[in-house]
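Topology and contacts: notes
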Amino acid sequence: MSAQQVLDLIKEKSIEFVDFRFIDLAGRAHHITLPATEVDAETFVNGVAFDGSSIHGFRGIEESDMVMMPDTNSVYVDPFTAHSTLIVICNIHTPDGERYERDPRSIAHKAEEFLQKSGVGTTAYFAPESEFFIFDDVRYESTMNSSSFFVDSEEAAWNTNRKEEGGNLGFKVGVKGGYVPVAPVDSQQDIRSEMVRLMQEAGLRIERHHHEVATAGQAEINFRFDTLTTTADNLMKYKYIVHNVARQYGKVATFMPKPLFGDNGSGMHVHQSIFNEGNPLFYEKGAYANLSEMALHYIGGILHHAPALIALTNPSTNSFKRLVPGYEAPVNLVYSKGNRSAAVRIPVAAVTPKGCRIEFRTPDSTANPYLAFAAMLMAGLDGIKRKIDPSALGYGPFDTNIYELSDEQKKEIRSVPGTLDEALDALEADNEFLTEGGVFTKEFIENYVSVKRGEAKAVAIRIHPYEYGLYFDC
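Cut-offs and rules
- Residues numbered from 1 in each chain as written.
- Predicted model: local features only at pLDDT ≥ 70, side-chain atom pairs only at ≥ 80, totals over all residues.
- Heavy atoms only, no water.
- Helix = DSSP H or I, 4+ residues; strand = E, 2+ residues; numbered from the N terminus.
- Rg over C-alpha atoms; globule rule 2.2 N^0.38 Å.
- Buried < 20%, exposed > 50% of the residue type's maximum accessible area, 1.4 Å probe, protein only.
- Contact = heavy atoms within 4.5 Å.
- Areas by Shrake-Rupley, 256 points an atom, 1.4 Å probe, with all protein chains shown as cover.
- Lys, Arg positive; Asp, Glu negative; His and termini not counted.
- Charge placed at Lys NZ, Arg CZ, Asp CG, Glu CD.
- Pairing = 2+ DSSP bridges.
- UniProt positions renumbered as here; feature names shortened; annotations may be inferred.
- Domains from an automatic or database assignment.
- Buried area = accessible area lost by both parts, 1.4 Å probe.
- Salt bridge = Lys/Arg side-chain N within 4 Å of Asp/Glu carboxyl O.
- Polar contact = N/O pair within 3.5 Å; in protein donor to acceptor, adjacent residues only side chain to side chain.

The secondary structure content of the chain amounts to 14 helices and 18 strands. Its C-alpha atoms give the chain a radius of gyration of 23 Å, near enough to 23 Å, the size a compact globule of 474 residues would have. Its C-alpha atoms give the chain principal-axis dimensions of roughly 65 × 60 × 50 Å. Of all 474 residues assigned to the chain, the portion counted as buried reaches 53%. Of all intrachain contacts in the chain linking residues separated by at least 6 positions in sequence, the fraction that spans at least 24 positions is 68%. Looking at the chain as shown, the accessible area adds up to about 21600 Å², and 51% of this sits on carbon and sulfur atoms. Distance between charge centroids for the chain: 4 Å, based on 45 positive and 65 negative side chains.

With that settled, consider the pairing of strand β8 (residues 137-142). Where β8 lies against strand β9 (residues 147-152), six bridges are found, and the strand directions are antiparallel. Opposite S142, over in β9, you have S147 as the bridge partner. The antiparallel hairpin formed by β8 and β9 contains four residues in its connecting segment.

The next thing to look at is the UniProt feature "modified residue: O-AMP-tyrosine" (unreviewed entry) in the chain. UniProt records the feature "modified residue: O-AMP-tyrosine" (unreviewed entry) at Y403, using the numbering of this structure. Topologically, Y403 is positioned in the loop between α9 (369-386) and α10 (407-410). On the basis of relative accessible area, Y403 is assigned to the partly exposed category, the value being 25%.

The next subject is the domain arrangement of the chain. Its domain assignment divides the chain into domain 1 (3-100) and domain 2 (123-467). Computed from C-alpha coordinates alone, the two centres of domain 1 and domain 2 are separated by 29 Å. Each partner contributes residues to the interface: domain 1 has 17 residues there, and domain 2 has 18 residues. Between domain 1 and domain 2 the total buried area reaches about 1400 Å² when both faces are included, carbon and sulfur atoms providing 67% of it. Interface area lost by domain 1 to domain 2 is led by L25, Y76 and F80, which between them contribute 46%. Taken together, domain 1 and domain 2 are joined by zero salt bridges. Inspection of the domain 1/domain 2 interface yields five residue pairs in polar contact (both at pLDDT 80 or more).

Written out as structure tokens, the structure is:
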């Protein structure tokens, strides 16, 4: 879509405001809104100025001026505002017109450009399965003398004795009992369907939605794959709609990986493949899981670089509360066809040559999608370049339930890092695959590690309520 077509759309839809958005280091969107009467062709040439020093992880106050440059292919109408508003996602530039090296969206673009220059293929496709919880009540605090959180859901397993319903209505979702039950156990059909309706209006192609495994309102909505940056844009759109529809229903949605102890967490399984001028490159009929040698090398790159990769795909301290055995979490750095206990799974049911893909199951939705998808592509391309054979390195294939192996057998299987700090250590030690072609810069990685170290330290130095039970009577 050209700038003129966007201006025509503003007139056609009687748009009153244009909302210019950019994405920060953590993957959160920020916006500045202009009256539509102030938006003209020059806006798309000169951009919209903002203060970069007020965005955590961006610039110092001495070099704060930054510019949002609108991407005219990213526009959609905001379904929530009382005044008709058009959303435009932007790239971040410096005042002299250069792409800002810490802009996540620019990094995603550079990863796609690197693929095209590599000679491997022309297009990388991504499709995330982003899970989330819908709660009725969320409260939390962390102060000098108090630390607590509380969440509640009308369908939660712990509410079988709740009196507020006026005589308990039953039909609660049991722990690990929430995978695709029908109503009345699944109480959130309508809210998910409303999310889907608005996603479709905003341009997403939705494939399906359903209740997920955990109690207390875990859900999943799947949207169609697309190119790397477009898929990241689509995930930002997806999360925006999920959050705001939940709010309209008097509920709250969270993509936090592990909001509940003792039940499954929320992951973001990421399907990915490479095409060359419309031809799939990951398919070879008759091979293991019908995977081509290129696909196996791509898997080799993902698994070889996984400890460093996870600093970008699982970038929160809470991520590692999910990455523990026993809750369907893919902690084992192996690959397998159809096996959900492996970090890399190859879907084999009803797959065509164009649908042949690999699925990296370890990530979660605290990841900045632009950074995470770019990093996965760079790891996979490094595997292709270096012809990393995952089988030769002991990464499988494993077609048995890894959780049921003996302790001796499990010792042979490499696992994900156990903490965010361990993942950041791995990223500091292994990042050359990211800096190939200038996609990520050393300065970006140093800044990213510094920001995330700060988060990890902030959590580590705070008193946990469980420690009172362990140590108070010492």
